[in-house]
Amino acid sequence: GDRVAIEPGVPREMDEFCKTGRYNLSPTIFFCATPPDDGNLCRYYKHSASYCYKLPDNVTFEEGALIEPLSVGIHACRRAGVTLGSKVFVSGSGTVATLGSWVLCLLQLLALFCVSPDLSSSRLQKAKEVGADFTIQVKNETPQEVASKVESLLGCKPEITVECTGVQACIQAGIYATRSGGTLVLVGLGSEMVTVPIVNAAVREVDIRGIFRYCNTWPVAIALLASKRINVKPLVTHRFPLEKALDAFETTKRGEGVKVMLKCDPSDHNP
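Residues numbered from 1 in each chain as written. Predicted model: local features only at pLDDT ≥ 70, side-chain atom pairs only at ≥ 80, totals over all residues. Heavy atoms only, no water.

The name given to the chain in an unreviewed UniProt entry is Sorbitol dehydrogenase, with Piaya cayana as the source organism. Taken verbatim from the UniProt record of the chain, the Subcellular location (unreviewed entry) comment is "Cell projection, Cilium, Flagellum". Quoted verbatim from the Sequence similarities (unreviewed entry) field of the UniProt record, the comment on the chain reads "Belongs to the zinc-containing alcohol dehydrogenase family." (UniProt positions renumbered as here; feature names shortened; annotations may be inferred.)

Spelled out as structure tokens, the structure:
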């Protein structure tokens, strides 16, 4: 009868990555819906108890489901070394619906300053609502021009850039924009091979870090939600019953809304 939030990645073996606390990097990991592993689009689902986290009474099922994208933001902030007062450039406010939920969670976690460039004015407005101090709508600017705009808005180069699109030009802009000695974290995944100004990063000692999903984030995310320090409820823009899962996926594919929610309990029609 306990209400729980499921962390979808479960290592199959206690290997060196698990022993050092970075179980998300284990090559043996099972991850829901990442081929060849099946997902959990079903009425009943069995999962490892160690990766099920009890939800407090004041955290809803929908908030529990949104711990997954929130965890991407938490893990990215940890990898970036974000602290209170950090000036942060967030690249991308959501070019696709699922990405939007990562970034909007991320913006609520960041400290004081962040800039969010995107092609979509509606997503930029949502980014502004949840915490972005400034936004830039990118049109035909070069990566260097985008970086210059970021510096102009903040009054300096940001110490941290969180790149959430995976687009080559955005990665380039992230390197140019980041202050010397700063950190660029790559969240978005795009082409396997991209061209980047690596010498520019090297001679300015810009650290480039990747993230792979998340680890050790569910307890922190639950605490943030239970204390109301972060509000993920506005991210849910569409709701479908499980029987209309295909419609939900088509909605996401069209880039509509931010987070599309499937309601698996036929008796639960509330947000």
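Now that the structure is up, let's keep going.
Chemist: Just give me the short version of the nonpolar core, but keep the residues and values in it.
Modeler: Judged by nonpolar contacts, the single largest core of 39 residues is most densely connected at Ile67, Leu106, Val162, Val187 and Leu225. When contributions to this core are tallied by element, the ones reaching two or more residues are helix H3 (67-80), strand S5 (87-91), strand S8 (160-163) and helix H9 (218-226). When residues in this core are grouped by element, the largest group, seven residues, is from H3. Both domain 1 (4-69 + 215-263) and domain 2 (77-210) contribute no fewer than three residues apiece to this core. Setting aside residues up to four positions removed in sequence, Leu106 forms contacts with Gly73, Ala76, Cys77, Val90, Val162 and Cys164. The next biggest cluster of nonpolar side chains, apart from the first, holds nine residues, and it includes Ile136, Val146, Ala147 and Ala177. (Core = buried A, V, L, I, M, F, W, Y, C linked by side-chain atoms within 4.5 Å. Buried < 20%, exposed > 50% of the residue type's maximum accessible area, 1.4 Å probe, protein only. Helix = DSSP H or I, 4+ residues; strand = E, 2+ residues; numbered from the N terminus. Domains from an automatic or database assignment. Contact = heavy atoms within 4.5 Å.)

Chemist: Can you explain the packing of helix H6 (residues 143-154) against helix H7 (residues 168-177)? Please cite residues and give values.
Modeler: It is the contact of H6 with H7, at a shortest axis distance of 8 Å, that shows an interaxial angle of 45 degrees. Judged by the inter-axis angle, H6 sits oblique to H7. In the crossing of H6 with H7, the sense of the turn from one axis to the other is right-handed. The residues of H7 that touch H6, namely those facing Pro143, Gln144, Val146 and Ala147, are Ala169, Gln172, Ala173, Tyr176 and Ala177. Residue composition of the contact of H6 with H7, by class: seven nonpolar, two polar and no charged. (Axes fitted to C-alpha atoms, helices over the stretch in contact; angles between N-to-C directions. Parallel < 35°, antiparallel > 145°, perpendicular 65-115°, else oblique. Left-handed = near helix turned anticlockwise from the far one by under 90°. Nonpolar A, V, L, I, M, F, W, Y, C, P; charged D, E, K, R; others polar.)

Chemist: Can you break down unusual backbone geometry residue by residue, with the values?
Modeler: Outside of glycine, negative phi angles account for most residues, and trans bonds account for most peptide bonds. Residue Pro35 is joined to Pro36 through a cis peptide bond whose omega torsion reads 10 degrees. Secondary-structure assignment places Pro36 in the loop between strand S3 (30-31) and strand S4 (52-54). One non-glycine residue, Ala33, adopts positive backbone phi at about 70 degrees. Mapped onto the fold, Ala33 is located in the loop between S3 and S4. Note on Ala33: relative accessible area 54%, which makes it exposed. Even without being glycine, Asn216 reaches a positive phi, approximately 55 degrees.

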